[in-house]
Each structure stands twice: as structure tokens, then as C-alpha cells.
Amino acid sequence: TAPCGGHGGHTMDKSITLPPDEIFRNLANAKRFAIDIGGSLTKLAYYSTVQHKVAKVRSFDHATKVSEASSDKLYEISVQEEVTPRLHFIKFENAYIETCLDFIKDHLVNTETKDIKATGGGAHKFKELIERKLGLKVDKEDEMTCLIKGCNFVLKNIPHEAFVYAKHADSEFRFQTTQPDIFPYLLVNIGSGVSIVKVESEDNFERIGGSSIGGGTFWGLGALLTKTKRFDELLQLASKGQHTSVDMLVKDIYGGSYASLGLTGDLIASSFGKSATADREFSKEDMSKSLLHMISNDIGQLACLYAKLHNLSRVYFGGFFIRGHPVTMHTITYSINFFTKGEVQALFLRHEGYLGAIGAFLKGAEKDNPNQYSWGENYAGSSGLMSVSPDMNPMQRARSGTFDMLEMDRLERQLVNLPLLLDPSSYVPDTVDLTEDALAREYWLYCFEEALDGVVKRAVASQPDTQEAAERAEKFSQKYRHKLQTLRHQPFAYGSLTVRSLLDTREHCLNEFNFPDPYSKIKQKENDGALKYYLKAVKALEQLDWKERQFALVRGLLAGNVFDWGAKAVSDVLESDPEFGFEEAKQQLEGIRTPCLWLSDLWCFLFQGPPHKCALFFVDNSGVDIILGVMPFVRELLFRGTEVVLASNSGPALNDVTNGELQILTERLAAMDPVIETGLRDERLTLVQSGSSSPCLDLSRLDKELAMVVRERQTDLVIIEGMGRAIHTNYYAMFSCESLKMAVIKNAWLADRLGGKLFSVVFKYEVPSEKPSQPSAALTRS
């Protein structure tokens, strides 16, 4: 069938497998369109709103109990509808523009939109068609302005946007963590010609140079030399060619290297040099390869000279000449490495093809100022970077890339760096890059596939009164399984593949099918249960002398962290033994009593000196973890005169405690415990949301308000708890103040990799390098 309608004379079967509602999602709510039409591809952008379910918690009024059923519960859970702004970007071949415009017109309910922003060389050519089909006025925007605006937007909002291309490495794509300040940079846009633009701020850029020898030159001369008219076919020829049969090398002139000038024998001395004297025919492949090297080396040298002239180390390459083709990325990379001796890296962008459309959209949306918000890529609705293997037939390439999508959701909060990072520019949240670690990748992909049936079961159980929950859960399962299969073949699809990105993709897919918080009732039950033991636990601690109490606090924190439904080893125990409790968890840790004593010595060292001014604590799980593990330790800090900031998730993920839940729990604890009550009243205990809805933690994307509180309180201790936050992410994070990372390893494979056993403990205390007299780190294994 033809997903975009059957109008216009273009057939859209065979090459497209996605149904129309997958391609043009949420069209009914669409407003503000932008379009970027290039020589062969059209990129469409539109703003829409998505209605989805959100789980909210609200405290019961215990003075006037609602019903007998609610009497033993701390709070009630309600599912509400919420509207989130979403940006849609769709890329397709120009051949389909007419049928796609027809489809949009047929399904566009919104009538507010009066015009459409347009950019790109084809905007003029298709102006009349767009105006006729959509009944919208085409408002043309400057191409370079749109390109820069789009580039700034993706660099600011997509952490793994830029990558280095390494042809012969295990992972061809090496993603770079975007620096907090993206400016200044050089953008080398290789279209028909070359434009070199220096970008200094959001709206300040200048075209500082360029060349008429660009992608059009390669295409034009290539067509003359090989009689091949298709650009992709020309690159295909080049990927199979040997340039040395056409190019004259240094060794062809001097018999070897030219040592005194530092020229190796294999260096090209003259592009196409052999064709002037050789009395023979040259293959199309060899001529294409020689031409590609000639154009790429010329552009590379030009880019390097401008980078040096303006003292810029970040150089991004884009334009239709690049377009994700491995052959062009490799030749440009080689050229840049050669001319700068490795001082400058050639950087490419994952969403390079969308920059113009994004920029045109932003130009049309300036009154709403999208730049005042943070945006996040929605993995559930984005195609991801496709395989660019040169071995693929050009026709297959064209078909596989017929439709490509990027979706970005507006985040409720503006996200910034944690001010306490020692060097934000070198911070990498993830401990293991699964893109490069094949063994770990295979294990974790298998792990997430194996856990999928359990997640489906949990999702259905969380909505017992909803008839179609099982159907939605099955759709979620299909979608996430498909994502895992894609990532097995293309681990680079969404940037570096990590445990964090696998978890986040799962959360995005759950939200997509309206399962906002599958663990909400489990968390409620565990919070209610743990509260009953809180006073008993606190009184037991108060009867101990100081040193014994420190040991008990360490053991309590670690025992609390055992309660993690995200870990299969634990969820199996909790499913089979509902009576498994805090004391049983402590017994799981009995095997490491000696290391725990040793840890408490380190702990005593940490807390024997003058009190810290303020501790920032990133908390983990609901129930026993937060109530019986973390809160007694918070009391100890408050006793010592240390202010405490508890940072919890803004939105739900697994059984992690959310800020909404923690507010209610802390109010209840304050009603029982004068220490907590006084801390809250005097604002020495503060609850702040992290801005995250993930079991992991990216300290470069945190709620702006949290960063402000951390600065104001002069925070001098960071504590990160849990496997997701302290091991999968931030294990190597360095801070400008003292830090403590702790977790119980609840995954046998990971424990084995770290050299320990299941329920081993990681307890890592670090100080900034300017305090060398203090112990640096500890990894404890049972």
C-alpha cells in the first residue's frame, strides 16, 4: 500500500515499510511547519503536542480518612493526562514530496497555521506546489542562518551528537561528549561548493571563507569521467577503487620518500598525475577514488588553514557531500589528521541532514523561544543513525533511508551541568561504552531481552482496571524488542550505546504506550511497609556508641540498596519471598562484615573531622532503601551540623523514589522524628528534583534549580548511591569536592567483571587532587 496516499503519480510501495501514522505522527495537533528542500532530499519539521498519561502521588488527609481501604496507605496514586510539546523531523526523497504534502493536507486538523518556513535550494522550485497543496504561504529563510541555528540546537540538546569517524576501528563511530559551552566552532558545509563559517555565539556567525571546489565538483567531474550520473553510485565506485593507479605518488618521482621535506613515499604528489603519461585506460573505480581524494584533500587543507588562522579546534563537517557516507567521512578525516598532525579532529553530526529544517523551524518559533527550554531525543520515535556500509548496494541505501525520523520532547526543566564537576568538558557519565565493548554489549542486550516479559507483566499488573492494557503492553514489547534488534546490528544508532541508553529507551517506549509508572503500587506498598520500622531503626541506632553507630549506618545504607526491582537477582527474591526484609538484606551482606568494618573506619575518618557544610545526596530506591537506609544517615549528618540536599528523580523509573513521593515520605517522617522535622523547618534539609527520569544519572543534564541550590549552599560533599547512578554511570566522575559513591552489586555478570561476587559492595571515597594526604578510593569485594 501507499502510506502517504495514492495521489501525484508517485508510487510509494516497496521502499517504505512504515505506516503513515508512524511517519507523520500527531499531525492532528500539529502547528508551525518548516521545510528544507535540497537537491534530492526533503526535510520536514513540525511542532505538535502529545497527550500522555502521568502517574501523580497525593498525600491522604489522615485527619479525615477517605475510606477504610486507604487508612493504612501513606498516599494515593492517580493517573492524569498531560500534554507535552514535541518536535518532529522527517526526511524523505524529493520524489515523494507531492504525495506527502497530500497526506499532510488530508490529516491536518489544525487551521491556526498560516505560513510555512522554507529553506534549501529546492524551496523556490517547490514553492508553488507547497502553497497549492497545503494552502499555506511559503516564507523563505536564509539557508546559512538556518543551518547554524539547527547546528547550535542539536549540539546543545543531544549529548552524543558529534562523532569522529574511524574507518578501521572496532566501532567506526566514536561519539564525543558535547562540551558545556559549544562555542566557538568552525562549520565546514560541503554542498555544491564549500562554505566555511565561524560560529561564535547563538546569533553571531561569519562566513570566513569557502571554495568553488566542493561536492558539485566531485559529482560533475565524476559524471564526465565515468558517465555515472548518480551521486551515490559515484561514491560506490570510489569505495572500490585504488587511487594509486591514477595518482602520482612521491615514490613514483623520487623512488621512495623525500626525507628532508618529511614526505613519505605513499603521499600523493600529483592528483591524476599518472593519467597524463600512461598510455592506457583507467577504471571508473580508480578515477572516482582519485577524484574523491583530490576534492577531500583540498577541502581538508582549506579547513585546517582556517581553523589555525582563527585558533579553533572544533571543526564540524556537513552538507550533502558528507551525508553519512563512510567514504567521504574517511577521506575528510584522513586529510584533517594529515594537515594538522592530529591536533584538530574532523567532527561529524548524527543529525547533520536535519540542521536546515531545524533552523527554519526555530526561525518560525522565535516568539515561543524554544531555546529557553531543554529538549531530549525521544528514542521511541526516532530512527537513529542508519548503517552506512559502503558495501551496500546504492539502491538498497536509497530504500533503507527513504524515511528517517527524529523526535524531540520538550523537557519540563532546563538542564545544566552540576557545578561541582571537576572538569565538565571531560565528564563522561557512562562507565562502559557498549558500542566499543562487544562482550559487554552482547551481555546487556541479552539481559534486556530476557527481562522484557517481566516488564510486560509488571506493566499490565500496574493497570488492572484498564481493559486494553495487555494490548498496549504487547505493542510496547514489539517496539522495544525491535529497538534492541536494531541496536544489536547498529549499536551507534543513538550515539554511544550504554546501559543508561538501553534503560532510557525502555522508559521512552513504556511512556509511548501509556505505562508511565509500572512500579507505582509496588513503591507505595514498600514505602508504607518501611515507615512502620523507621522509629525502631532510629532508636536502635541512638543506643549505640558513636563508632558502632557509624558501622550500623554503613551496613544499613548498603542493606537498603539491596532493594532494587531493576535487578533480576533481587526481583526474583522479592517476587518469591514477600517477607524478605531489612534484616534479611543485612544477612546477605554478612559475608562482607570485615570489609564493612574496614569501610566504617574509612567512614569514621570521613566524619571525625569538622562537619561538611552541605552534602548533596543523589538517592536511589523507594521503600527500605530511602526510609531505613538513607534517612538515618541524613539524621546523622544533620546532627553533625551538615546541611543536606536530597536529589531524587523528577519522573518515575523502575522503583526509584521520585521527588513527589519523597516530599510525602519526608513529611510523614518529620511527624515522627523531631530531627527531620527541625531540619525541614530550618531549611537545613532540602528536597530537590534532579531533572532526570532515568535509573542512571547524567550530571551534565541536571535541573537548573538543583545547580543553583548546590552553589548557594556551598556544597562540599557529593554522595551518589545505587548501581545505576554510581556504577553504570559516574563511577569515574571527578568532583571539585569530596565524594562518596556506593552501591551493592546485584548483577552476577557485573560482579564477576569487577572481580567480586553477587552482593559485593562498591564504596568509593575520593577527594580532589589538591588534598593528597587523604585516602583516595576503595572498592570492596566479598
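The shown structure was predicted, so the numbers you read here are calculated from the model rather than taken from an experiment. (Residues numbered from 1 in each chain as written. Predicted model: local features only at pLDDT ≥ 70, side-chain atom pairs only at ≥ 80, totals over all residues. Heavy atoms only, no water.)

Quick notes on the nonpolar core
We apply this condition: We define a nonpolar core as any set of buried Ala, Val, Leu, Ile, Met, Phe, Trp, Tyr and Cys residues linked to one another through side-chain atoms lying within 4.5 Å. Exposure is judged per residue with a 1.4 Å probe applied to protein chains only, and the accessible area is read against the type maximum: over 50% gives exposed, under 20% gives buried, and values in between give partly exposed. Helix and strand labels come from DSSP, where a helix needs a run of H or I of at least four residues and a strand needs a run of E of at least two; each type is numbered from the N terminus. For this analysis, residues touch if any pair of their heavy atoms sits within 4.5 Å.
In this structure, F617, I627 and L646 are the most contacted members of the largest nonpolar core, which totals 51 residues. The element that contributes the greatest number of residues to this core is helix α20 (residues 624-640), accounting for ten residues. Setting aside its immediate chain neighbours within four residues, I627 contacts N527, A530, L531, Y534, P632, L665 and L669. Core analysis: the second largest hydrophobic core is formed by 40 residues, F163, Y165, M287 and L385 among them.

Topic: unusual backbone geometry
Of note, the bond from F183 into P184 is cis; its omega dihedral lies within 30 degrees of zero at -10°. Assignment of secondary structure puts P184 in the loop between β7 (173-175) and β8 (185-190). One non-glycine residue, R32, adopts positive backbone phi at about 65°. Here R32 shows up in strand β1 (residues 31-37). Even without being glycine, Q714 reaches a positive phi, approximately 50°.

Notes on the packing of aromatic side chains
Heads up, the condition is: Note on ring pairs: Phe, Tyr and Trp rings are taken, using the six-membered ring of Trp, and paired if centres are within 6.5 Å. Classes follow the plane angle, with under 30 degrees stacked, over 60 edge-to-face and the rest tilted. Throughout this description, the term charge over a ring refers to an Arg CZ or Lys NZ atom that lies within 6 Å of the ring centre and within 35 degrees of the ring normal.
Scanning the entire structure with this criterion turns up 27 aromatic pairs. Measuring from centroid to centroid gives 5.9 Å for W219 and F320, while their planes differ by 55°, and the two rings are tilted. With a gap of 101 residues between them, W219 in helix α5 (residues 215-226) and F320 in the loop between β13 (314-318) and α9 (326-340) connect regions that are remote in the sequence. Judged by its relative accessible area of 34%, W219 is partly exposed. Against the face of Y354 rests K91, its NZ or CZ located 5.0 Å from the ring centre. Over the ring of F515 we find R472; its NZ or CZ atom is 4.7 Å from the centre of that ring.

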